[in-house]
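Structural overview
In case you want the letters, here they are:
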Amino acid sequence: MTSLTIVWLIVLFVIALAALLFWIWMLSDCIHHKFRKDKHMLHWFLLIVITFIIGALIYYFGVKRISNSNRMI
């Protein structure tokens, strides 16, 4: 393997690790978030688990970010 290949593998590993940590963070937030109904938590949880990083991003921009901005007011 060339040194360029090794660098790309390290970069991809770091990106994958960051995505996994973000996914775990969003799952944890989903579990501890106060939803109006329990079924909403189940829907978000399943969305995050099934769609991995896409679901975590949707949850972040759709729930967590909005929830954090409401707390600051």
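Residues numbered from 1 in each chain as written. Predicted model: local features only at pLDDT ≥ 70, side-chain atom pairs only at ≥ 80, totals over all residues. Heavy atoms only, no water.

**Section: the packing of helix 1 (residues 3–32) against helix 2 (residues 38–51)**
Following both chains from N to C, one finds helix 1 and helix 2 inclined at 170°, their axes separated by 9 Å at the closest point. With respect to each other, helix 1 and helix 2 are oriented roughly antiparallel. Contact residues: Trp 23, Met 26, Leu 27, Cys 30 and Ile 31 in helix 1; Met 41, Trp 44, Phe 45, Ile 48 and Val 49 in helix 2. Grouping the constituent residues of the contact of helix 1 with helix 2 by class yields 10 nonpolar, no polar and no charged. (Axes fitted to C-alpha atoms, helices over the stretch in contact; angles between N-to-C directions. Helix = DSSP H or I, 4+ residues; strand = E, 2+ residues; numbered from the N terminus. Parallel < 35°, antiparallel > 145°, perpendicular 65-115°, else oblique. Contact = heavy atoms within 4.5 Å. Nonpolar A, V, L, I, M, F, W, Y, C, P; charged D, E, K, R; others polar.)

**Points about the confidence of the model for the protein chain**
For the protein chain, per-residue confidence averages 91 on the pLDDT scale, and 95% of positions sit at 70 or higher. Between the elements of the protein chain, mean pLDDT differs from a low of 85, seen in helix 3 (residues 53–72), to a high of 95, seen in helix 1. (pLDDT = per-residue confidence, 0-100.)

**Brief notes about helix 2**
Compared with the 20 Å implied by 1.5 Å per residue over 14 residues, the 20 Å span of helix 2 between its first and last C-alpha is a close match. One or two positions beyond helix 2, positive phi appears at Phe 52, with a value near 55°. (Expected span 1.5 Å × (residues − 1).)

**Quick look at unusual backbone geometry**
Positive phi, close to 55°, is recorded for Phe 52, a residue that is not glycine. Topologically, Phe 52 is positioned in the loop between helix 2 and helix 3. Classification of Phe 52 by relative accessible area gives partly exposed; the value is 34%. (Buried < 20%, exposed > 50% of the residue type's maximum accessible area, 1.4 Å probe, protein only.)

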